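One letter stands for each residue in the lines below.
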Amino acid sequence: MNYHNITKDDMLNGDGLRVVLWLAGCDHHCEGCQNPITWDPEGGLKFDEAAKDELFEILSRDYISGITFSGGDPLFPGNRKEVTELAREIRERFPGKTVWLYTGFTYEEIKSLEIMEYIDVLVDGEFEIANIDLQAKWRGSINQRVIDVKQTRTLGQIVLHVD
């Protein structure tokens, strides 16, 4: 799996102060995407042990609320196995931190993936330029949902983190 950046001290991609891992690879190719440079799965840098160590060092800071996976698409088929393993390890090592994930897939399409066990908040669905809303919290277009995954899985119906 490749990545483009690790953003430290981010306040734009989830609740609290976060670290964001920007992954390479996306086949949604949404019109108006803010990161088309991340579409190529071979772009960016190889996510290696040094990158993982950097990520874990940032996550170990008390003031960091958690991690956000974005991209590209963290659930691009070529990323899924490694992102799932990374999310599982983060959940085990940092149980007090929250895990957010942005994807172009809908919850219904990915709800049975193992990674959903480790996600607190999912921002789902493709970005639709016709539905852009610059006031929408945590999302770019209003068709996207900010889903409380734990509550959704417990109740068996979509529970929004924010509306």
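This text goes with the structure placed above it.
Reading the values: rules and limits
- Residues numbered from 1 in each chain as written.
- Predicted model: local features only at pLDDT ≥ 70, side-chain atom pairs only at ≥ 80, totals over all residues.
- Heavy atoms only, no water.
- Helix = DSSP H or I, 4+ residues; strand = E, 2+ residues; numbered from the N terminus.
- Rg over C-alpha atoms; globule rule 2.2 N^0.38 Å.
- Buried < 20%, exposed > 50% of the residue type's maximum accessible area, 1.4 Å probe, protein only.
- Contact = heavy atoms within 4.5 Å.
- Areas by Shrake-Rupley, 256 points an atom, 1.4 Å probe, with all protein chains shown as cover.
- Lys, Arg positive; Asp, Glu negative; His and termini not counted.
- Charge placed at Lys NZ, Arg CZ, Asp CG, Glu CD.
- Phe/Tyr/Trp six-rings, centres within 6.5 Å; stacked < 30°, edge-to-face > 60°.
- Lys NZ or Arg CZ within 6 Å of the ring centre and 35° of its normal.
- Patch = residues over 30% accessible without salt bridge, like charges linked within 9 Å, V, L, I, M, F, W, Y side chains within 5 Å.
- Salt bridge = Lys/Arg side-chain N within 4 Å of Asp/Glu carboxyl O.
- Core = buried A, V, L, I, M, F, W, Y, C linked by side-chain atoms within 4.5 Å.
- Axes fitted to C-alpha atoms, helices over the stretch in contact; angles between N-to-C directions.
- Left-handed = near helix turned anticlockwise from the far one by under 90°.
- Nonpolar A, V, L, I, M, F, W, Y, C, P; charged D, E, K, R; others polar.
- Pairing = 2+ DSSP bridges.

1. What about the overall build of the protein chain?
Stage number 1. The number of helices and strands found in the protein chain is 4 helices and 8 strands.
Stage number 2. For the protein chain, the succession of helices and strands along the chain, N to C, is β-β-β-α-β-α-β-α-β-β-α-β.
Stage number 3. Rg of the C-alpha trace for the protein chain: 15 Å, near the compact-globule value of 15 Å for 163 residues, within the 12% margin.
Stage number 4. Here the protein chain holds 163 residues, and the buried ones make up 50% of them.
Stage number 5. Counted over contacts in the protein chain with a minimum sequence separation of 6, partners at least 24 positions apart contribute 59%.
Stage number 6. Roughly 8100 Å² of accessible area belongs to the protein chain as shown, and the carbon and sulfur atoms make up 50% of that amount.
Stage number 7. For the protein chain, the centre of its 17 positive side-chain charges and the centre of its 29 negative side-chain charges are spaced 5 Å apart.

2. A few points about the packing of aromatic side chains
Stage number 1. Applying the stated criterion across every chain yields a total of 3 aromatic pairs.
Stage number 2. Between Tyr3 and Phe47, the ring centres sit 5.6 Å apart and the planes meet at 85°, which makes this aromatic pair edge-to-face. Of the two residues, Tyr3 sits in strand 1 (residues 2-10) while Phe47 sits in the loop between strand 3 (45-46) and helix 1 (49-59), which places them 44 residues apart along the sequence.
Stage number 3. Centre to centre, the rings of Phe56 and Phe94 are 5.6 Å apart; their planes meet at 65°, and the pair counts as edge-to-face. Of this pair, Phe56 sits in helix 1 while Phe94 is found in the loop between helix 2 (80-93) and strand 5 (98-102), placing the two residues 38 residues apart along the sequence. This pair shows no difference in class: Phe56 is buried, exactly as Phe94 is.
Stage number 4. Its guanidinium or amino end placed over the ring of Phe105, Arg80 lies 4.9 Å from that ring's centre, counting from NZ or CZ.

3. So, a negative patch on the surface
Stage number 1. Taken together, the side chains of Asp27, Glu109, Glu126 and Glu128 present a region of like negative charge at the surface.
Stage number 2. Of note, Glu128 is situated in the loop between strand 6 (121-124) and strand 7 (145-148).
Stage number 3. By relative accessible area, which is 34% here, Glu128 ends up partly exposed.

4. Brief notes about the nonpolar core
Generally speaking, nonpolar side chains in soluble globular proteins are found buried as a group.
Stage number 1. In terms of nonpolar packing, the biggest core is built from 33 residues, with Leu21, Leu55, Ile67, Phe69, Leu86, Ile90 and Leu122 touching the most fellow members.
Stage number 2. Taken together, the elements giving at least two residues each to this core come down to strand 1, strand 2 (18-23), helix 1, strand 4 (66-71), helix 2, strand 5 and helix 3 (107-110).
Stage number 3. Top element by residues in this core is helix 1. It accounts for 5 residues.
Stage number 4. Among all residues touching Ile67, those that are not within four sequence positions of it are Arg18, Val19, Leu21, Leu55, Leu59, Ile90, Thr98, Val99 and Trp100.
Stage number 5. Of all hydrophobic cores here, the second largest spans 7 residues; its members include Tyr102, Val123, Val146 and Val162.

5. A closer look at the packing of helix 1 against helix 2
Stage number 1. The contact between helix 1 and helix 2 brings their axes to 12 Å, and the two run at 35°. Every pair of crossing elements has a handedness; the one defined by helix 1 and helix 2 is right-handed. Of the residues in helix 2, those in contact with Lys52, Leu55, Phe56 and Leu59 of helix 1 are Leu86, Glu89, Ile90 and Arg93.
Stage number 2. Here the residues of the contact of helix 1 with helix 2 are counted per class, giving 5 nonpolar, no polar and 3 charged.

6. Considerations on the pairing of strand 4
Stage number 1. Among the 6 residues that make up strand 4, 6 are buried, leaving the element largely enclosed by the rest of the structure.
Stage number 2. By the alternation rule, side chains of strand 4 split into Gly66, Thr68 and Ser70 and Ile67, Phe69 and Gly71, which are all buried.
Stage number 3. The pairing of strand 2 with strand 4 spans 6 bridges and is parallel. Within the sheet, the bridge partner assigned to Val19 lies in strand 4 and is Ile67.

7. As for the pattern of salt bridges
Stage number 1. Inspection of every chain in the model, using the stated rule, returns 9 salt bridges.
Stage number 2. Taking the shortest distance from any N to any O, the salt bridge between Glu57 and Arg61 comes out at 2.8 Å.
Stage number 3. Accessibility expressed as a relative area gives 24% for Arg61, which makes it partly exposed.
Stage number 4. Across the pair Asp124 and Arg145 runs a salt bridge, and its minimum N-O distance is 2.6 Å.

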